[in-house]
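# Topology and contacts: notes
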Amino acid sequence: NGKKSDLPLCISHLSFAYEKGHPLFKDFSLTLESGCHLTLTGRTGSGKSTLFKLITGLCLPDSGTIALFGMNPAAIPPKERRKIFGIVSQSFPMIDGTVRDQITLGDMRITDTMTASALRISGLYETVMALPQKLDTPFQDSLFSEGEKQLLSIARALVFQPPLLLLDEMNAHLDSLTEQKVLDALSRASSHRTVLSISHRLGKACQGPVLRIGEGREEGKP
Ligand code: ATP
Ligand code: MG
């Protein structure tokens, strides 16, 4: 108990810049204890999505360290990453293939039972089972509404039941009924997990502590 490798996320003294001289993060540290839910906020361009790229090993820190359960994310084999974290991004490209493929992304280790339980959490199970060929239905953009595509992306993130969930605020404008379905799905997905979420609007979706990032760079501006 209390080992560093138990911590879902431990960022210490992180510095990162895309462009020399314009750091997005300077000596940034953040630790998430198991089971905690933290919301990140900050204006457009403050580096919220970049932080997710760093956490998921898609970008490398200039200095400092990031550890997911004690592991360097960039050193985790890509095929194993989904077992550790699920990410729901601002955009979630659908791929060519069946409805099942949207969730498995072609990973043959994922059984239909795993796919079905992810769909149940996302609230899309009945919808998919009502399709002519169920999971085998060829995916077409017109098959699902924007909100249902968000639910699919939640199922995609959850299919390995990862302990850490990363939620980047979704862009699409949804009607309020659909938005409520997405919020309900996220709330089911978040229980018993460690959750780091990004939000501009600190509305009803946001519970628990909030961390505002990127304010330093704005100093002195009107
Ligand atoms: P938003 O609230 O609009 O989603 P954000 O806080 O998620 O913004 P990021 O997407 O992390 O912001 O971008 C932070 C800054 O880094 C922005 O100025 C952006 O233009 C820049 N940036 C993002 N990706 C790259 C990249 N691949 N190469 C160079 N600069 C980038
Ligand atoms: Mg972003």
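Structure first, text after, so check above.
Here the structure is a predicted model, which is why all the values come from computation and not from measurement.

## Focus: the sheet that holds strand E1 (residues 9–16)
With antiparallel pairing, the three strands of this open sheet are ordered in space as E2-E1-E4. Each edge of the open sheet is held by one strand with a lone partner, namely strand E2 (25–32) and strand E4 (63–67). Across this sheet, the average inter-strand angle for adjacent strands is 15°, counted without regard to direction.

## Description of the site of ligand 1
Tyr18, Leu24, Gly42, Thr44, Gly45, Ser46, Gly47, Lys48, Ser49 and Thr50 make up every residue found near ligand 1. By residue class, the composition of the shell around ligand 1 is two nonpolar, seven polar and one charged.

## Examining the packing of helix H6 (residues 146–158) against helix H7 (residues 176–190)
Running from amino to carboxyl end, H6 crosses H7 at an angle of 10°, the nearest separation of the two axes being 9 Å. Classified by the interaxial angle, the pair formed by H6 and H7 is roughly parallel. Facing H6, whose interface residues are Gly147, Gln150, Leu151, Ile154 and Leu158, H7 presents Thr178, Lys181, Val182, Ala185, Leu186 and Ala189.

Reading the values: the criteria
Here the residue numbers are simple positions, counted from 1 along each chain's written sequence. To read the labels, note that chains go from A and ligands from 1, taken in the order they are written. Restriction of local features to residues with pLDDT of at least 70 applies here, the model being predicted, together with a cutoff of 80 or more for giving and counting side-chain atom pairs; totals for whole chains, interfaces and linings are based on all residues. By this definition, two strands are paired if DSSP reports at least two bridges between them. Only runs of H or I of at least four residues qualify as helices and only runs of E of at least two qualify as strands under DSSP, and these elements are numbered from the N terminus. Lines fitted to C-alpha atoms define the axes here, with helix axes fitted over just the stretch in contact, and angles between the N-to-C directions of these axes take values from 0 to 180 degrees. Any residue whose C-beta atom, as set from the backbone, lies within 6 Å of a molecule or strand is reported as near that molecule or strand. Each residue is assigned to one of three groups, with Ala, Val, Leu, Ile, Met, Phe, Trp, Tyr, Cys and Pro labelled nonpolar, Asp, Glu, Lys and Arg labelled charged, and all others, Gly among them, labelled polar. These descriptions rest on fixed angle ranges, namely under 35 degrees for roughly parallel, over 145 for roughly antiparallel, 65 to 115 for roughly perpendicular, and the rest for oblique. For every residue pair, C-beta atoms are placed from the backbone, and the pair is scored as a contact if these atoms sit within 7 Å.

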